[in-house]
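An overview of the molecular structure
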Amino acid sequence: MRTEPSRQDERVKARHFSWKFYIGTLVALSVLSALPAVLYGAPVLKESRPFVGWYLLYWAIVTGLFCGFTAYQKHRAYDRPMRKLSEAAKRVAEGDFSVYVAPGHRADKLDYVDVMFQDFNKMVEELGSLETMKSDFIASVSHEIKTPLSVIQSYSTALQSEALPPETRREYTQTIVASSQKLASLVTNILKLNKIENQVIPLNSEPYDLCRQLCECALAFEGAWENKQIEFAAELDDRLIIRADESLLEIVWNNLLSNAVKFTNPGGKIQLRQTSDENSVTVSVTDTGCGMDEHTRRHVFDKFYQGDTSHYQEGNGLGLALAWKAVELEGGSISVDSAPGEGTTFTVRLPLRLD
């Protein structure tokens, strides 16, 4: 939406033309024009006395033309575009992010004001994106919190019935506990993500054995993969010392392994692989699960995004967003390679800092 200049803002007190400026200019021009006559001697000036009135009238007209031209140039080059920008900024401050300020010149003749307009338009576009992301985030959080709360409320109400048999009562209680754990996990992950994104969590980079950490994280899911009869294989070095924040990278490995177990069907296979060279270390987690299409791959690291809704109850869509931010803070990268029905591979690359 383009914005057009509106009426003069009542807060603006300065004007293009002022009598102080006019009188000052008149005095300056009169003195400068009379200076040669003064330098050549008083007789010349005395002979000019009859023409002093015409002299002042002439310079008064010249001064008026000069001040008018200056005011017009100021209005055209400064005031008019600044009024457009001011009106646009006011609308943005009121929450309208559809504002667009058109440059006054063609692309091959842009001046600094036009470039400022372009930067302003880009800023408004970014602000609009952030506002949309914030709204989506709030909506997603509200939905994610509302779902387990509704379950807890429904089953708690049902438990008030004295006619429930013990087995049903125990089942309802387990459902309430599971929903409470899901809610607690959601709140914890939201707080973690907020701290990581705002870098409230200070990086505690210290040397530690990455291979040991990968083994410990994998063993934490041993019961889960054995229950699903998943074949788990690991290809790791005996020992690899890196300098990084151990607790931050633990978030990454736990989320990648958790997703692999979650999306791998019973009887499938998961492979954890680690390689390194003199500059970097690469860790990959491969599963034989359902895989992802192109749309899911593009959004898999977005907050609250869950491509496979059949596993909705097993997560809240924040794990991979957490992993992405954690790897980013460590100066690394994370990528995904997947196809529907062919499994998924997440690959993390970290700089190998030993000092």
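Right, let's walk through the structure included here.

Procedures and definitions
- As a convention, each chain's residues are numbered from 1 in the sequence order in which they are written.
- Only residues with pLDDT of at least 70 get local features here, since the model is predicted, and only at 80 or more are side-chain atom pairs given and counted; chain-wide, interface and lining totals rely on the full set of residues.
- With hydrogens and water stripped out, all remaining heavy atoms of the structure feed into the side-chain values.
- Within this scheme, the nonpolar core is defined by two criteria: the residues are buried Ala, Val, Leu, Ile, Met, Phe, Trp, Tyr or Cys, and they are joined through side-chain atoms within 4.5 Å.
- The classification of residues rests on relative accessible area computed with a 1.4 Å probe and restricted to protein chains. Under 20% of the type maximum is buried, over 50% is exposed, and intermediate values are partly exposed.
- Note on conventions: DSSP H or I runs of at least 4 residues are helices, E runs of at least 2 residues are strands, and numbering of each starts at the N terminus.
- The rule for pairing is simple: two strands pair if DSSP sees at least two bridges between them.
- Axis angles are defined between N-to-C directions and span 0 to 180 degrees, where every axis is a line fitted to C-alpha atoms and, for a helix, only to the segment in contact.
- Should the near helix be turned counterclockwise from the far one by less than a right angle, the crossing is left-handed, whereas a clockwise turn marks it as right-handed.
- Throughout, a residue-residue contact means that at least one pair of heavy atoms, one from each residue, lies within 4.5 Å.
- Gly counts as polar in this scheme, as do all residues outside two lists: the nonpolar Ala, Val, Leu, Ile, Met, Phe, Trp, Tyr, Cys and Pro, and the charged Asp, Glu, Lys and Arg.
- Note on aromatic pairs: the rings of Phe, Tyr and Trp (six-membered ring only in Trp) are paired at centre separations within 6.5 Å, and the planes decide the class, stacked below 30 degrees, edge-to-face beyond 60, tilted for the rest.
- Grouping into patches uses exposed residues only, defined as over 30% relative accessible area, and leaves out salt-bridged ones; the cut-off is 9 Å for like charges and 5 Å for nonpolar side chains (Val, Leu, Ile, Met, Phe, Trp, Tyr).
- The accessible surface values rely on the Shrake-Rupley method and a 1.4 Å probe; as for residues, cover is taken only from the protein chains in view.
- Put simply, a salt bridge is a Lys or Arg side-chain nitrogen that is within 4 Å of an Asp or Glu carboxyl oxygen.

Moving on: the nonpolar core. Leu210, Ile242, Leu249, Val252, Trp253, Leu256 and Val348 are the most contacted members of the largest nonpolar core, which totals 39 residues. For this core, the secondary structure elements donating two or more residues are helix H6 (210-219), strand S3 (241-245), helix H8 (246-263), strand S4 (269-276), strand S5 (280-287), helix H10 (319-329) and strand S7 (344-351). Sorting elements by how many residues they give to this core places H8 first, with nine residues. By size, the runner-up hydrophobic cluster in this structure holds nine residues, among which are Leu85, Val99, Val113 and Phe120.

The next point concerns the pairing of S4. For strand S2 (residues 231-235) and S4, the ladder comprises five bridges, and the chain directions are parallel. Note on S4: the bridge partner recorded for Ala233 is Gln271. When S4 meets S5, the two strands line up antiparallel, connected through seven bridges. Its bridge partner being in S5, Thr275 is matched across the sheet by Thr282. Remark: three residues form the turn of the hairpin made by S4 and S5, two consecutive strands paired antiparallel.

Looking now at the packing of H8 against H10. At a minimum axis separation of 9 Å, H8 and H10 run at an interaxial angle of 145°. Helix-helix and strand crossings are classified by hand; for H8 and H10 the assignment is left-handed. Residues Leu248, Ile251, Val252, Asn255, Leu256 and Asn259 of H8 pack against Gly319, Leu320, Leu322, Ala323, Ala326, Val327 and Leu329 of H10. Grouping the amino acids of the contact of H8 with H10 by side-chain chemistry returns 10 nonpolar, three polar and no charged.

This part covers the packing of aromatic side chains. A full pass over the atoms with the stated rule returns four aromatic pairs. On the numbers, 4.2 Å between centres and 5° between planes, the contact of Trp225 with Phe232 is stacked. The exposure class of Trp225 is buried, given its relative accessible area of 11%. Residue Phe232 is classed as partly exposed on the basis of its relative accessible area of 22%. Pairing Phe301 with Phe346 gives two aromatic rings, centres 6.1 Å apart and planes at 80°, and the pair type is edge-to-face. Of the two residues, Phe301 sits in the loop between helix H9 (294-299) and H10 while Phe346 sits in strand S7, which places them 45 residues apart along the sequence. Neither Phe301 nor Phe346 differs from the other in exposure class; each is buried. Among the aromatic residues, those joined into a cluster by ring pairs are Phe301, Trp324 and Phe346.

The next point concerns the sheet that holds S7. Strand pairing in a sheet is mediated by backbone hydrogen bonds. Such pairs are either parallel or antiparallel. Within the open sheet, the five strands sit side by side as S2-S4-S5-S7-S6. Their pairing is mixed. Only two strands of the sheet have a single neighbouring strand rather than two, namely S2 and strand S6 (333-338). For this sheet the average axis-to-axis angle between neighbouring strands, irrespective of direction, equals 10°. Against the sheet, H8 makes contact with S2, S4, S5, S6 and S7, and its axis sits at roughly 170° relative to S7, the strand it touches most.

Right, let's talk about the side chain of Gln213 for a bit. As for its position among the elements, Gln213 is in helix H6. You can call Gln213 buried: its relative accessible area is 3%. Residue contacts for Gln213: discarding those within four places in its chain leaves Tyr208, Glu246, Leu249, Glu250 and Trp253.

So, about a nonpolar patch on the surface. Together, Trp19, Ile23, Val27 and Val31 give the surface a local cluster of nonpolar side chains, amounting to about 430 Å² of exposed area. Looking at the element boundaries, Val27 is found in helix H1 (residues 19-40).

Mapping Phe66 onto the fold places it in helix H3 (residues 52-93). Sequence separation between Phe66 and Tyr22 is 44 residues, and the spatial gap between their C-alpha atoms is 9.0 Å. When near neighbours in sequence (up to four residues on either side) are disregarded, Phe66 contacts Phe21 and Thr25.

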